[in-house]
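These are the residues of each chain, in order.
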Amino acid sequence: MSIENTPGTENDRAATARAQWDKEMPGQDLDPMVLLGRLNEAAQMILNNHIGPVFKTAQLKQGEFDVLATLVRSGPPYKLMPTDLYKSTMMSSGGMTARLDRLEKAGYITRCSHPSDRRALMVCLSETGLSVIKNLMPEYIACQVKLVSGLDRSEVHTLSHLLGKLIATNGQE
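Thresholds applied
- Residues numbered from 1 in each chain as written.
- Predicted model: local features only at pLDDT ≥ 70, side-chain atom pairs only at ≥ 80, totals over all residues.
- Heavy atoms only, no water.
- Helix = DSSP H or I, 4+ residues; strand = E, 2+ residues; numbered from the N terminus.
- Rg over C-alpha atoms; globule rule 2.2 N^0.38 Å.
- Buried < 20%, exposed > 50% of the residue type's maximum accessible area, 1.4 Å probe, protein only.
- Areas by Shrake-Rupley, 256 points an atom, 1.4 Å probe, with all protein chains shown as cover.
- Lys, Arg positive; Asp, Glu negative; His and termini not counted.
- Charge placed at Lys NZ, Arg CZ, Asp CG, Glu CD.
- Pairing = 2+ DSSP bridges.
- Contact = heavy atoms within 4.5 Å.
- Axes fitted to C-alpha atoms, helices over the stretch in contact; angles between N-to-C directions.
- Disulfide = S-S within 2.5 Å.
- Salt bridge = Lys/Arg side-chain N within 4 Å of Asp/Glu carboxyl O.
- Expected span 1.5 Å × (residues − 1).
- Bend = angle between axes of the 7 residues up to and from the residue.

K.L.:
Please give an account of the overall build of the protein that cites residues and values.
P.N.:
Within the protein, the secondary structure is distributed over seven helices and three strands. For the protein, the sequential pattern of α-helices and β-strands runs α-α-α-β-α-α-β-β-α-α. By the compact-globule yardstick of 16 Å for 173 residues, the protein is too spread out, its C-alpha radius of gyration being 20 Å. Taking the principal axes of its C-alpha atoms as reference, the protein extends roughly 65 × 30 × 30 Å. In the protein, buried positions account for 28% of the 173 residues. Carbon and sulfur atoms make up 55% of the accessible area of the protein, which totals about 11800 Å². Computed over 19 positive and 19 negative side-chain charges, the inter-centroid distance for the protein is 9 Å.

Laid out in structure tokens, this is it:
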């Protein structure tokens, strides 16, 4: 079964693009284009229409949420080196600095001394930042559950596995 015949996708943009490309360049393997087009559209739709509004209720952007959530996931005392933060959130060090400046200004983090290196600073989650994330998580999780409710548990696991494989085979920057 080719991708364009997938049930429930009669009016999606990727299938339309495929049909158009089939006319212009017949004989090409367009399954990857359809897959990646759907993946891109799903990611944008999920962030813009569903998850983004959840972040907005806490006056956060996705990247700011990622930093705060990473600090919370690290466990008490909720402190990490900036390098560890930018590696775990997959962004540049320059972008991380700007994001940390915004979060510090909002009172969600502080820059505190490293316990064994006086020259180094750590990023420390404030009580306010911890409270924001802990209060936001139930809504965030409920939103994610709703987003995958059209899939059964086996499909969720399969899709997650396949996306992990796609990421692994294309390398993380």
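Okay, back to it.
K.L.:
Can you break down the sheet that holds strand 3 (residues 121–125) residue by residue, with the values?
P.N.:
Judged by pairing direction, the sheet is antiparallel, and its three strands sit side by side in the order 1-3-2 without closing on themselves. Of all the strands in the sheet, just strand 1 (79–80) and strand 2 (109–113) have a single pairing partner and so form its edges. Packing against the sheet, helix 3 (residues 62–73) makes contact with strand 1, strand 2 and strand 3, and its axis sits at approximately 90 degrees to strand 3.

K.L.:
A description of the state of the cysteines should follow, citing residues and the corresponding values.
P.N.:
Taken as a whole and judged by the stated rule, the model has one disulfide. Disulfide pairing places C112 opposite C124 at an S-S distance of 1.5 Å. In this pair, C112 sits in strand 2 while C124 sits in strand 3, placing the two residues twelve residues apart along the sequence. In terms of burial, C112 and C124 fall into one category: buried.

K.L.:
Requested: an account of the pattern of salt bridges, with residues and values cited.
P.N.:
Taken as a whole, this structure holds eight salt bridges when the rule is applied. Among the ionic pairs, E41 bridges to R13, the shortest N-O distance being 2.9 Å. Of this pair, E41 sits in helix 2 (residues 31–57) while R13 sits in helix 1 (residues 13–24), and the two are 28 residues apart along the sequence. Overall, the relative accessible area of 28% leaves E41 in the partly exposed class. Among the ionic pairs, R18 bridges to D31, the shortest N-O distance being 2.6 Å.

K.L.:
Outline helix 6 (residues 127–147), listing residues and values.
P.N.:
Structurally, the α-helix is built with 3.6 residues per turn, so residues lying three or four positions apart point the same way. Along its 21 residues, helix 6 runs 30 Å from first to last C-alpha, staying within 8% of the 30 Å computed at 1.5 Å per residue. Within helix 6, the axis deviates most sharply at M137, by approximately 35 degrees, and proline P138 lies no more than four positions further along. Taken as a whole, helix 6 has its buried residues at G129, L130, V132, I133, L136, Y140 and C143. Considering only its buried residues, helix 6 is in contact with helix 2, helix 3 and strand 3.

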